Amino acid sequence: QELMDIDIKSKPSRPPWYERHVQPCMAELLGSALFIFLGCLSVVEDSGGTERLQPALAHGLALGITVAILGDI
């Protein structure tokens, strides 16, 4: 005779209010600030020969870093 194993799946608990509300807002603020400030600094520090390449690379790297660091939130 086989015994049937019954897996009781409990209802997952809700994360604390901080993880639901505050943490995503802080991640959005930090990510946006990094993206905007690095992009603006790359335009201000534009050297003569780079034209559009320097701001484009700075925005791309800022976005990549932001996603890598804050993507799991």
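Please refer to the structure higher up on the page.
Residues numbered from 1 in each chain as written. Predicted model: local features only at pLDDT ≥ 70, side-chain atom pairs only at ≥ 80, totals over all residues. Heavy atoms only, no water.

Colleague: Hey, could you run me through helix H1 (residues 17–44) in this one?
Modeller: Side chains three or four residues apart in an α-helix point the same way, a direct result of the helix having 3.6 residues per turn. Over its 28 residues, H1 extends 40 Å from the first C-alpha to the last, a length consistent with the 40 Å expected when each residue adds 1.5 Å. Taking the largest bend as the criterion, H1 deviates by roughly 30°, centred on Gln23, and proline Pro24 comes between one and four positions later. Those residues of H1 hidden inside the fold are in contact with helix H2 (53–70). (Helix = DSSP H or I, 4+ residues; strand = E, 2+ residues; numbered from the N terminus. Expected span 1.5 Å × (residues − 1). Bend = angle between axes of the 7 residues up to and from the residue. Contact = heavy atoms within 4.5 Å.)

Colleague: In this structure, what is going on with the packing of aromatic side chains? I would like to understand it.
Modeller: Aromatic rings in a pair are described by how distant their centres are and how their planes are angled relative to each other. Here the structure, examined in full by the defined rule, presents one aromatic pair. Here the aromatic rings of Trp17 and Tyr18 are separated by 6.4 Å at their centres, their planes lie at 85°, and the arrangement is edge-to-face. A relative accessible area of 43% means that Tyr18 is categorised as partly exposed. (Phe/Tyr/Trp six-rings, centres within 6.5 Å; stacked < 30°, edge-to-face > 60°. Buried < 20%, exposed > 50% of the residue type's maximum accessible area, 1.4 Å probe, protein only.)

Colleague: Help me understand the packing of H1 against H2 in this model?
Modeller: Two packed helices can be described by the angle between their axes and the distance between those axes. Running from N to C, H1 and H2 point in directions that differ by 160°, and their axes come no closer than 8 Å. Viewed along their axes, H1 and H2 adopt a mutual orientation that is roughly antiparallel. Seen along the crossing, H1 lies across H2 with a hand that is right-handed. Touching Ala27, Leu30, Gly31, Leu34, Phe35, Leu38, Gly39, Ser42 and Val43 of H1 are Gln54, Pro55, Ala58, His59, Ala62, Leu63, Ile65, Thr66 and Leu70, all from H2. Each residue belonging to the contact of H1 with H2 can be placed in one class, and the counts come to 12 nonpolar, six polar and no charged. (Axes fitted to C-alpha atoms, helices over the stretch in contact; angles between N-to-C directions. Parallel < 35°, antiparallel > 145°, perpendicular 65-115°, else oblique. Left-handed = near helix turned anticlockwise from the far one by under 90°. Nonpolar A, V, L, I, M, F, W, Y, C, P; charged D, E, K, R; others polar.)

Colleague: What is the right way to look at a nonpolar patch on the surface in this model?
Modeller: Side chains of Leu53, Leu57, Leu61, Ile65 and Ile69 sit close together on the surface and give an oily, nonpolar patch of about 510 Å² of accessible area. Among the secondary structure elements, Leu61 is positioned in helix H2. In this structure Leu61 comes out as exposed when scored by relative accessible area, which is 59%. (Patch = residues over 30% accessible without salt bridge, like charges linked within 9 Å, V, L, I, M, F, W, Y side chains within 5 Å. Areas by Shrake-Rupley, 256 points an atom, 1.4 Å probe, with all protein chains shown as cover. Salt bridge = Lys/Arg side-chain N within 4 Å of Asp/Glu carboxyl O.)

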